[in-house]
Protein chains: 2
Amino acid sequence: MSARKLTPTSYAVLGTLDGAPGTSYDLVQRIGLTIANFWIFSHAQLYDEPARLEEAGYLTSVTEEGGRRRRTYTITEAGRAELHRWLHEPTPGHTEVRDPGLLKLFFADMGDRTAVAALARDQREAHADRAAMYTHLHRTVASLMTPAQAATLDLGIRMERTIADFWDELLAGLGTRPDPASERDP
Amino acid sequence: MSARKLTPTSYAVLGTLDGAPGTSYDLVQRIGLTIANFWIFSHAQLYDEPARLEEAGYLTSVTEEGGRRRRTYTITEAGRAELHRWLHEPTPGHTEVRDPGLLKLFFADMGDRTAVAALARDQREAHADRAAMYTHLHRTVASLMTPAQAATLDLGIRMERTIADFWDELLAGLGTRPDPASERDP
DNA sequence: GAAGGCATGTAATGAGTTACATGATTAT
DNA sequence: ATAATCATGTAACTCATTACATGCCTTC
């Protein structure tokens, strides 16, 4: 029950367990379908973090007797209180857009047309695909989400579109003719 | 000179030192003004990582004799080769948008109008400010950047606007009149 | 010539990733 | 009944963050 500063990981776990208890594997599933779209937590983190939160008194767990000895976590009152405290406190920290493609662009030599164009094409496709995927998700499962969850997905769509457009325009700006080496559309 | 997988941090350092040698402090400055806008590396990382890169043969360093014993790093041929290899290799991994505000929204109870509205207002301001700041930066120092660097900044502006708009619309959707300090709904 | 801040670095701790390991379940 | 895959967890390692420590330079 030692004090420690909670991280975004902690709140992702607390928030996910609020409302329904679950095992680490459940967390992997629930978070994988939702939060992981914008903030990735590795599988192992979702095993470590609940253990820490239990140690801190924000969760309790029961371990299955037989077989796999699955551990199911439940949020405590203290956990719920901490979650709500966090929800109401001012939000510090700025948005990081950790995008490997963007990092590459930063160091790219615009003179190297082919390399930049290849990067731009890849990124455009990847982000357009993601935008489409989210849009589909939004249409199919929005009804199962809370309005707030649907809203985050909406932002996800907007951002992917913004990024896809950016690469698309960058590509156009390169004066790229359909490129000999590896083109798609006419 | 042991092999190891390089991380984005590694490439940020290699890329920044390509063209001009520098100390860790120089890295802090150069990266702080540019890359840190979308991908933050802590001060200590920029001391640790060059040491690792030297160990791996991608950098060499000379240490000042007197006083502070400053260590200046220079990229090696191997380092440059690795940087270029990376620049030309396909880019895996998807964009993470690590935004504490967004994480909060995900768990927010839309019924709690005041809390959501407060969050939305804060975020809208913060992102609008950032968009303005980047725009200013772009106008004033774009000429000092490579076109690729200016392009990343351009994306930064677009993203911040997208996010600011999102919060703005969310706020409007809550049926919020201009707000006297903290009201509830009619 | 003392105070305050910028420059420079390290140590301790904590978090995150990768790799490994194995138990259940399903499909063939 | 075997292979394949899903579910579950831990261990080892690498990275990142925070805190600390101190040197140097400016300014008053």
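Residues numbered from 1 in each chain as written. Chains lettered and ligands numbered in written order. Predicted model: local features only at pLDDT ≥ 70, side-chain atom pairs only at ≥ 80, totals over all residues. Heavy atoms only, no water.

### Remarks on the packing of aromatic side chains
All names here are of chain A.
Here is step 1: Scanning the model with the defined rule gives 8 aromatic pairs over all chains in all.
Here is step 2: Residues Phe 166 and Trp 167 carry aromatic rings whose centres are separated by 5.3 Å and whose planes lie at 75° to one another, so their mutual orientation is edge-to-face. Both residues of the pair, Phe 166 and Trp 167, belong to the buried class. (Phe/Tyr/Trp six-rings, centres within 6.5 Å; stacked < 30°, edge-to-face > 60°. Buried < 20%, exposed > 50% of the residue type's maximum accessible area, 1.4 Å probe, protein only.)

### Considering the sheet that holds strand E3 (residues 71-75) of chain B
Residues and elements named next belong to chain B.
Here is step 1: Pairing is antiparallel across the open sheet formed by 3 strands, whose spatial order is E1-E3-E2. In this open sheet, the two edge strands, each paired with only one partner strand, are strand E1 (22-23) and strand E2 (59-63).
Here is step 2: Sheet topology places E2 next to E3; 5 bridges connect them, and they run antiparallel. Looking at the pairing, Ser 61 lines up with Tyr 73 of E3. (Pairing = 2+ DSSP bridges. Helix = DSSP H or I, 4+ residues; strand = E, 2+ residues; numbered from the N terminus.)

### Re the domain arrangement of chain A
Here is step 1: When the domains of chain A are assigned, the result is domain 1 (8-88) and domain 2 (100-177).
Here is step 2: Using only C-alpha atoms to locate each centre, domain 1 of chain A and domain 2 of chain A end up separated by 31 Å. (Domains from an automatic or database assignment.)

### Points about the layout of surface pockets
Here is step 1: Put simply, the largest pocket is a space of about 860 Å³.
Here is step 2: Residue lining of the largest pocket: 41 residues in total, with Phe 106 and Phe 107 of chain A together with Thr 34, Thr 146 and Gln 149 of chain B positioned closest to the centre.
Here is step 3: Sorting the residues of the lining of the largest pocket by element identifies helix H5 (100-107) and helix H6 (113-141) of chain A together with helix H1 (8-17), helix H2 (24-33), helix H4 (77-88), helix H6 (113-141) and helix H7 (147-173) of chain B as the ones contributing at least two each.
Here is step 4: Among the elements that make up the lining of the largest pocket, the one with the highest residue count is H7 of chain B (7 residues).
Here is step 5: Looking at side-chain class alone, the lining of the largest pocket contains 22 nonpolar, 13 polar and 6 charged residues.
Here is step 6: Elements with a contribution of two residues or more to the lining of the second largest pocket: helix H1 (8-17), helix H2 (24-33), helix H4 (77-88), H6 and helix H7 (147-173) of chain A together with helix H5 (100-107) of chain B.
Here is step 7: Among the elements that line the lining of the second largest pocket, the one with the most residues is H7 of chain A, at 7 residues.
Here is step 8: Classifying every residue of the lining of the second largest pocket gives 17 nonpolar, 10 polar and 4 charged. (1 Å grid on protein atoms, 1.4 Å probe; cavity = no way out; pocket = protein on both sides within 12 Å on 5 of 7 lines; lining within 4 Å. Points joined across faces, edges and corners; volume = space filled by probe spheres on them. Nonpolar A, V, L, I, M, F, W, Y, C, P; charged D, E, K, R; others polar.)

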